[in-house]
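# Observations on chain architecture
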Amino acid sequence: SSVSCNSVSSGRKAAASTMSTQTEEEEEEAPMSPRNQSLFIQRAQAMSLALASSSGRLEDITRKARSLFNKISPENERSIVARLQGLDIESSSDLRVVAELLVEKAIEDPFYSCT
């Protein structure tokens, strides 16, 4: 009961042919039902809104932090630090923005880097 190389090869070709037919059939999707289309659209809109909201939040944090860093001086250091601590930092992206602004301010104006 030996198997020739030709029969193994033709068996592989048949299996590959069957797989490619299945793949082609899977690519041809049935149209979405109106309900599924509606759910898809709602989810896409929710994701878009979340991204816009996140971007808006990041812009807000950037604006507030930059404003505080521009006001800092040796005389008001404690109150500015307290206000910085009050920023609504919820993610590593938020924290990264504040840290980058701090370093930027220290490099821009060495007088305040001691503060």
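Along each chain, numbering runs from 1 in the same order as the chain's sequence is written. It should be noted that, the model being predicted, local features are given only for residues of pLDDT at least 70 and side-chain atom pairs only at 80 or more, the latter also being counted only at that level, while totals for whole chains, interfaces and linings use all residues. Hydrogens and water molecules were not included; the side-chain quantities draw on all heavy atoms of the structure.

## Thoughts on the overall build of the chain
So the rule is basically this: Helix and strand assignments come from DSSP, with helices taken as H or I runs of at least 4 residues and strands as E runs of at least 2, each series counted from the N terminus. Burial classes follow relative accessibility: with a 1.4 Å probe on protein chains only, a residue under 20% of its type's maximum area counts as buried, one over 50% as exposed, and anything between as partly exposed. Here, two residues are considered to be in contact whenever any of their heavy atoms come within 4.5 Å of each other. Working definition of accessibility: Shrake-Rupley area with a 1.4 Å probe, residue cover restricted to the visible protein chains.
Along the backbone of the chain there are five helices and zero strands. With 115 residues in all, the chain has 13% of them scored as buried. A sequence separation of at least 24 residues applies to 62% of the contacts in the chain between residues at least 6 apart. As displayed, the chain has an accessible area near 9300 Å², and 55% of this comes from carbon and sulfur atoms.

## Points about the confidence of the model for the chain
To be explicit about the condition: Confidence scores per residue from the predictor, reported as pLDDT, run from 0 to 100.
The predicted model of the chain averages 75 in pLDDT, with 64% of residues at 70 or higher. Per-residue pLDDT stays below 50 along residues 1-9; that stretch engages in one contact with residues further than four places along the chain or on separate chains.

## Digging into the environment of glutamate 59
Assignment of secondary structure puts glutamate 59 in helix α2 (residues 34-71). In this structure, the C-alpha to C-alpha distance between glutamate 59 and valine 97, residues 38 residues apart in sequence, is 9.4 Å.

## Thoughts on a nonpolar patch on the surface
Note the following rule: Grouping into patches uses exposed residues only, defined as over 30% relative accessible area, and leaves out salt-bridged ones; the cut-off is 9 Å for like charges and 5 Å for nonpolar side chains (Val, Leu, Ile, Met, Phe, Trp, Tyr). Any Lys or Arg side-chain nitrogen found within 4 Å of a carboxyl oxygen on Asp or Glu counts as a salt bridge.
A grouping of Met32, Phe40 and Ile41 is seen on the molecular surface, where their side chains present a nonpolar patch of about 310 Å² in accessible area. Relative to the assigned elements, methionine 32 resides in the loop between α1 (5-27) and α2.

## Here's the deal with the nonpolar core
One recurring pattern in soluble globular proteins is that nonpolar side chains are buried together. Keep this limit in mind: Each nonpolar core is a collection of buried residues, namely Ala, Val, Leu, Ile, Met, Phe, Trp, Tyr and Cys, held together in the definition by side-chain atoms within 4.5 Å.
In this structure, Ile61, Ala65, Leu68, Phe69, Ile72, Ile80, Leu84, Leu87, Val97, Val98 and Leu101 together form the largest nonpolar core, which totals eleven residues. No other element matches α2, which puts four residues into this core. Aside from chain neighbours lying at most four places away, what touches valine 97 is Leu58 and Thr62.

## What about helix α4 (residues 92-108)?
Residues lying three or four places apart along an α-helix face the same way, a consequence of the helix completing one turn every 3.6 residues. Note the following rule: In a helix, the anticipated span is given by 1.5 Å times the number of residues less one. Think of it as the arc spanned by the lines of direction from the helix axis to the C-beta atoms.
The end-to-end C-alpha separation of α4 is 24 Å, in line with the 24 Å expected for 17 residues at 1.5 Å each. Of all the residues in α4, the buried ones are Asp94, Val97, Val98, Leu101 and Lys105. Mapping the buried residues of α4 onto a view down its axis gives an arc of 95°, with all of them on the same face. Counted as exposed and oriented over 90 degrees from the buried face of α4: Ser92, Leu95, Arg96 and Ile107.

## Topic: the environment of leucine 84
By secondary structure assignment, the location of leucine 84 is in helix α3 (residues 77-85). Leucine 84 gets classed as buried once you look at its relative accessible area, which sits at 16%. Expressed as a C-alpha distance, the spacing of leucine 84 and valine 98, which sit 14 residues apart in the sequence, is 8.9 Å.

## Here we look at the side chain of aspartate 94
Put simply, the rule reads: What qualifies as a polar contact is a pair of N or O atoms within 3.5 Å, subject to a donor-acceptor requirement within protein and to the restriction that residues adjacent in sequence count only when both atoms come from side chains.
Among the secondary structure elements, aspartate 94 is positioned in helix α4. The class for aspartate 94 is buried, based on a relative accessible area of 3%. Looking at aspartate 94, its side chain comes within polar contact range of the main-chain nitrogen of glutamate 90, at 2.9 Å. In contact with aspartate 94, not counting residues within four places along its chain, are Arg57, Leu58, Ile61, Asp88 and Ile89.

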